[in-house]
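Descriptive analysis of the structure
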Amino acid sequence: MVELSGILGVSAVALGMVLTPGPNMVYLVSRSITQGRRAGMISLGGVALGFMVYLLAANLGLSVVFLAVPELYVTVKLAGAAYLAWLAWNALKPGGVSVFTPQDVPHDSPRRLFAMGLMTNLLNPKIAIMYVSLIPQFIDLDKGHVLLQGLVLGSFQIVVSIAVNTTIVLAAGTIAVFLSRRPSWLKVQRYLMGTVLGALAVSLAADTSGPA
């Protein structure tokens, strides 16, 4: 039902997005550095729930909208390309502070950590774009089961994101110390991620075909 090319495409985009500094990474890293790995993992649980909420909400709507009006796909996809281009610019422009810079934040209870992780993800526009614009391009209308295709593809995005974020949570303290001694590496990371996002934006905008 879902081709390997679609799974690999979603996984590649998900990897590029999760490695780009954003609200989720900033929150998870800050909690892991200031309150410990356990706090980071609890916060990640909230982030994971946010992914599932978006996955269900987006696909329940997409299964109806894209079957009824497939022409809307091009417009939505171009909006996703524009957002990727904006993220690329933010990564490439001069200045900015590394997400691995320790910050002074108050210690919170496990319940608040989980809730903040959930809200951080739900309020993250990057995740909304992922489900509403990027994943549908790998759905084949001719194969039917649009809802199931979206859920399967979205599940791979969640697996990739959670795996990367878990690694970041567990290694945040070590990475912070490492990068604090090598500021030039932060610049390389920004340029690399900006280039990847820019290439994805161009590729997405150039492909004006439907989601088949």
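Let us look at the structure shown here. Values in this document were obtained by computation on a predicted structure and should not be read as measured data.

Cut-off values and rules
- Residues numbered from 1 in each chain as written.
- Predicted model: local features only at pLDDT ≥ 70, side-chain atom pairs only at ≥ 80, totals over all residues.
- Heavy atoms only, no water.
- Helix = DSSP H or I, 4+ residues; strand = E, 2+ residues; numbered from the N terminus.
- Buried < 20%, exposed > 50% of the residue type's maximum accessible area, 1.4 Å probe, protein only.
- Contact = heavy atoms within 4.5 Å.
- Axes fitted to C-alpha atoms, helices over the stretch in contact; angles between N-to-C directions.
- Parallel < 35°, antiparallel > 145°, perpendicular 65-115°, else oblique.
- Left-handed = near helix turned anticlockwise from the far one by under 90°.
- Expected span 1.5 Å × (residues − 1).
- Core = buried A, V, L, I, M, F, W, Y, C linked by side-chain atoms within 4.5 Å.
- Arc of directions from axis to C-beta.
- Patch = residues over 30% accessible without salt bridge, like charges linked within 9 Å, V, L, I, M, F, W, Y side chains within 5 Å.
- Areas by Shrake-Rupley, 256 points an atom, 1.4 Å probe, with all protein chains shown as cover.
- Salt bridge = Lys/Arg side-chain N within 4 Å of Asp/Glu carboxyl O.

**Structural notes on the overall build of the chain**
Looking only at helices and strands, the chain features eight helices and zero strands. Along the chain, helices and strands appear, N-terminal first, in the series α-α-α-α-α-α-α-α. Relative to its full complement of 212 residues, the chain shows a buried share of 43%. Taking all contacts inside the chain whose residues are at least 6 apart in sequence as the whole, residues at least 24 apart take part in 88%.

**Looking at the side chain of N165**
Assignment of secondary structure puts N165 in helix α7 (residues 146–180). The residues touching N165, leaving out its near neighbours within four places in the chain, are V18, L28 and L44.

**Section: the packing of helix α2 (residues 23–35) against helix α5 (residues 110–122)**
α5 packs onto α2 with a crossing angle of 160° between their chain directions and a minimal axis gap of 9 Å. For the element pair α2 / α5, the angle class is roughly antiparallel. The way α2 lies across α5 gives a crossing that is right-handed. Residues P23, N24, Y27, R31 and Q35 of α2 lie in contact with α5, whose contacting residues are R112, L113, M116, G117, T120 and N121.

**Let's talk about α2**
Between the first and last C-alpha of α2 there are 18 Å, a value that for 13 residues agrees with the 18 Å anticipated at 1.5 Å per step. For α2, the complete set of buried residues consists of N24, M25, Y27, L28, V29, S30, R31 and S32. A positive phi of about 105° marks G36, the residue just after α2.

**Quick word on the nonpolar core**
Grouped burial of nonpolar side chains is what soluble globular proteins tend to show. In this structure, L28, F51, M130, Y131, I135 and L153 are the most contacted members of the largest nonpolar core, which totals 34 residues. Broken down by secondary-structure element, the contributors of at least two residues to this core are α1 (4–18), α2, α3 (37–68), α6 (125–134) and α7. With sequence-adjacent residues up to four places away left out, M130 is seen in contact with V13, A14, M17, I135 and Q157.

**Remarks on α5**
Its 13 residues give α5 an end-to-end C-alpha distance of 18 Å, which sits within 8% of 18 Å, the value for a rise of 1.5 Å per residue. Those residues of α5 that sit buried are L113, G117, L118, T120 and N121. Seen from one end, α5 has its buried residues packed into an arc of 165°, which puts them on one side.

**A closer look at the environment of V26**
Among the secondary structure elements, V26 is positioned in helix α2. Each C-alpha atom of the pair V26 and T120 lies 9.7 Å from the other, and the pair is 94 residues apart in sequence.

**Digging into the side chain of S43**
Along the chain, S43 turns up in helix α3. Aside from chain neighbours lying at most four places away, what touches S43 is Y27, L28, R31, L113 and G117.

**Digging into a nonpolar patch on the surface**
Where nonpolar side chains cluster on the molecular surface, the patch consists of L49, M52, V53 and F114 and spans about 310 Å² of accessible area. With three residues, the single largest contributor to the nonpolar patch is α3. Residue placement: M52 occurs in helix α3.

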